[in-house]
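Chain and residue survey
Each chain is listed here by its residues.
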Amino acid sequence: MEQCKRELQTEINNQKVLQSELNQLRSNAKVYRKQENSNIFFVSSREKEMIACKDTLDDLVKQYNDLEKPAMEK
């Protein structure tokens, strides 16, 4: 359980860094998204990637909080 929490915390930190990096880009900067399970990149927009990053971050935080709940109830 602790290992899972550490992995989630690492992923949360990675998403926060990604969000910060995307915020620093110019609004018209080209952004590329890597296709899962391959080395192919597709052009995307900063806005689309910010939304995807926020959704992923929200999901990770929810998972982390769900793991924390049982520990707090004991």
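In what follows, the structure referred to is the one given above.
Now for a quick tour of the structure. (Residues numbered from 1 in each chain as written. Predicted model: local features only at pLDDT ≥ 70, side-chain atom pairs only at ≥ 80, totals over all residues. Heavy atoms only, no water.)

1. A word on the pairing of strand 2 (residues 41-44)
For strand 1 (residues 31-34) and strand 2, the ladder comprises four bridges, and the chain directions are antiparallel. Bridging from a neighbouring strand, Lys 34 pairs with Phe 41 of strand 2. (Pairing = 2+ DSSP bridges. Helix = DSSP H or I, 4+ residues; strand = E, 2+ residues; numbered from the N terminus.)

2. Observations regarding helix 1 (residues 2-24)
Its 23 residues give helix 1 an end-to-end C-alpha distance of 33 Å, which sits within 8% of 33 Å, the value for a rise of 1.5 Å per residue. Those residues of helix 1 not exposed but buried are Lys 5, Leu 8, Ile 12, Gln 15 and Leu 22. (Expected span 1.5 Å × (residues − 1). Buried < 20%, exposed > 50% of the residue type's maximum accessible area, 1.4 Å probe, protein only.)

3. A closer look at the state of the cysteines
Evaluated as defined, the whole model comprises zero disulfides. Free of any disulfide, Cys 4 has its nearest neighbouring cysteine sulfur in Cys 53, separated by 20 Å. On the basis of relative accessible area, Cys 4 is assigned to the partly exposed category, the value being 37%. (Disulfide = S-S within 2.5 Å.)

4. Comments concerning the side chain of Lys 5
With respect to the helices and strands, Lys 5 occurs in helix 1. Residue classification places Lys 5 among the buried residues on the basis of a relative accessible area of 12%. With near-sequence residues (within four places) excluded, Lys 5 lies in contact with Tyr 64, Leu 67 and Glu 68. (Contact = heavy atoms within 4.5 Å.)

5. Examining unusual backbone geometry
Positive phi, normally seen in glycine, also occurs at Asn 37, with a value near 65°. Positionally, Asn 37 belongs in the loop between strand 1 and strand 2.

6. Observations concerning the nonpolar core
The biggest cluster of nonpolar side chains holds five residues, and these are Leu 8, Ile 12, Leu 57, Leu 60 and Leu 67. Elements with a minimum of two residues in this core: helix 1 and helix 2 (46-73). Broken down by element, this core gets its largest block of residues, three residues, from helix 2. Leaving out residues up to four positions away in the same chain, Leu 60 has contacts with Leu 8, Glu 11, Ile 12 and Gln 15. (Core = buried A, V, L, I, M, F, W, Y, C linked by side-chain atoms within 4.5 Å.)

7. Side note on the pattern of salt bridges
Throughout the structure, instances matching the rule amount to five salt bridges. Ionic pairing is found between Lys 62 and Asp 66, a salt bridge with its closest N-O pair at 3.2 Å. Of this pair, Lys 62 and Asp 66 are both found in helix 2, four residues apart, which corresponds to roughly one turn of the helix. Exposure remark for Lys 62: the relative accessible area of 52% places this residue in the exposed category. Of the residues examined, Asp 66 reaches a relative accessible area of 37% and is grouped as partly exposed. Sharing partners across several salt bridges, the network here consists of Glu 2, Lys 5 and Glu 68. (Salt bridge = Lys/Arg side-chain N within 4 Å of Asp/Glu carboxyl O.)

Nothing here speaks to function; it is geometry throughout.
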